[in-house]
Amino acid sequence: MKLQTLSVLLAIAAAHASKINPLHIKRQATSSTATSATVAASSASSSSGTSAVSSSTTGTSTGTATGSTTAVAVPASATWGTSFPPLSQISSGMPSEVTQPVTTTYSPGTSPTYFSGADPLPTAFVFNAADWPAQDKLPDTSSSEVQEWMKELDGWDIPDLSPTVDGTCVSDPTNVANASARGWWTCGGYTRDTDITVCPGKPMTWGTSFDDGPAFYTTKLLHFLNEQNIKATFFDVGSRCIENPSVLIDEYMSGHEIAVHTWSHPHLTTLTTAEIVAELGWTRKAIKTILGVTPTTMRPPYGDIDDRVRAISLAMGMVPIIWTRTPAGVSFDTFDWEIPGGVVTSEASFTQFEAILGNASTLEDGFIVLEHDLYEQTVDMAIGYTLPAALSHNPPFTLEPIGQCNGIPYTNMYVESNLNTSFPIANGTSDGGIDTDGDGTGDAKSKNGTSSATSSSNGAPPRHVSYSIYAAITLATLAAVVGAL
Ligand SMILES: [Zn+2]
């Protein structure tokens, strides 16, 4: 190992020492709040072989009831100064609301005022179909752009893992059996130290985020967030950015963090390396073209990430952010994305969120939840129910963007203003990184510089693994199989 590389890795390990701790249980969970909700899935995919999922036992393994620490009530519209529908009316058949204008129109040349070093907004974006891949389709990997971006992988050891069948567990028993070794989050919740999954050492802090926009109802969410002075992280889809550039600008200029969420929202583990590069690269380019900044973080759709996807993301300068799972394997997914299709009711989704808050109250770290700004229903769930429930919770939760709750300043969320030369990951040799082959030495870049958190040759599970767990896997499978978002 080169000395230079070693020093970089040690510096990174020190800088992120607080983040490599697994989730800790602060106090025993109550039987009523530590359970993950039963999520009715009446139209679950036939391939999943299930019509209803109950994970009612997943959160109870840590202890017996000790009395409720939560007070989660269904918020009332009148309390919040913003009207939203009764919970029961948020459904697949709800009437479409009128969309709202952006909170502010920003002119080219305007700079964000909440952090220094940001370039001013570029010339106003004008969509030209010839400049972009077809929306919501895998981009062509033979383009000159993708070929250029492929060079960013030079010098990086990308694990030689074959693509998964379809990114789900039920279709892929071979890779499920190998999930630990390949660090596959989808099946078993395997993470690496390079993943952001919590707000380290910040209990009762919700690293708030929204996925799949910028979309028609994102502006309604932005108005609410502004009113409540809440900042969040937006995981934006490239295909949405080029059709809603003013909304993307509104997100960014309002003080929210902007991160990459692929071009066409595929299961990334199913793709070739060039396809993954194309998905990330085109989204990065769309955001750069519209905002003038290049994100240093990304979220894989469906949380579908393994060591190959991680290595590619890091080589392209983007740290993966997923969402929290408890040690017992409870995934912090609200399933709000299944309300528009009628798969999950709004009541079931909110019950799931209540369970998430109950679990979150027991953790020594802050937490990250999967929610969406893509649909009217998901925005109404956020502004009417989940956000007010967290804000009015007793004791209250603190809401922060995910970068902020991880100690990453705004400057370092973007390449152009990043002041940390080793963030996301400095390039170097292949030593000291993720150990994907179980030989005890790293073979891809990793912040921690060790293989201690990875699968080992003796078969011991990685430290971050969810030790559960039928139910968590089933929930993840449901999410992966049913979802079309
Ligand atoms: Zn998504």
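None of the values given here were measured: they were computed from a predicted structure.

Rules of the game
Residues numbered from 1 in each chain as written. Predicted model: local features only at pLDDT ≥ 70, side-chain atom pairs only at ≥ 80, totals over all residues. Heavy atoms only, no water. pLDDT = per-residue confidence, 0-100. Contact = heavy atoms within 4.5 Å. Donors = N, O, S within 2.8 Å, 3.2 Å for Na, K, Ca; no water. Helix = DSSP H or I, 4+ residues; strand = E, 2+ residues; numbered from the N terminus. Buried < 20%, exposed > 50% of the residue type's maximum accessible area, 1.4 Å probe, protein only. Disulfide = S-S within 2.5 Å.

1. A short note on the confidence of the model for the protein chain
Reasoning step 1: Of all residues in the protein chain, 73% have pLDDT values of 70 or greater, and the mean over the chain is 79.
Reasoning step 2: Considering only residues more than four positions removed or in separate chains, one finds that residues 1–68, a stretch of pLDDT under 50, has 143 contacts.
Reasoning step 3: Every residue in residues 428–485 is under pLDDT 50, and counting partners more than four places away or in other chains gives 179 contacts.

2. Notes on the coordination of the zinc ion
Reasoning step 1: Around the zinc ion, the protein supplies D212 (OD), H261 (NE2) and H265 (NE2) as donor atoms, at distances of 2.0 to 2.1 Å.
Reasoning step 2: Ordering the donors of the zinc ion by residue number gives the pattern D-x48-H-x3-H. Linking D212 in the loop between β5 (209–211) and α5 (218–228) with H261 in the loop between β7 (257–260) and α8 (273–291), this pair joins segments that are 49 residues apart in sequence.
Reasoning step 3: Given the relative accessible area of 3%, D212 is considered buried.

3. Observations concerning the state of the cysteines
Linking two cysteines covalently via their sulfur atoms produces the bond known as a disulfide.
Reasoning step 1: A complete count under the given rule lists two disulfides for this structure.
Reasoning step 2: Across the disulfide from C199 sits C405; the S-S distance is 2.0 Å. Measuring the twist about the S-S bond at about -65°, one finds the C199-C405 disulfide to be left-handed. Note that C199 is positioned in strand β3 (residues 198–199) and C405 in helix α12 (residues 402–405), a separation of 206 residues in sequence. There is no split in this pair, since C199 and C405 are both buried.
Reasoning step 3: Each bonded cysteine of the protein chain is numbered by sequence order, and under that numbering the disulfide pairs are 1-2, 3-4.

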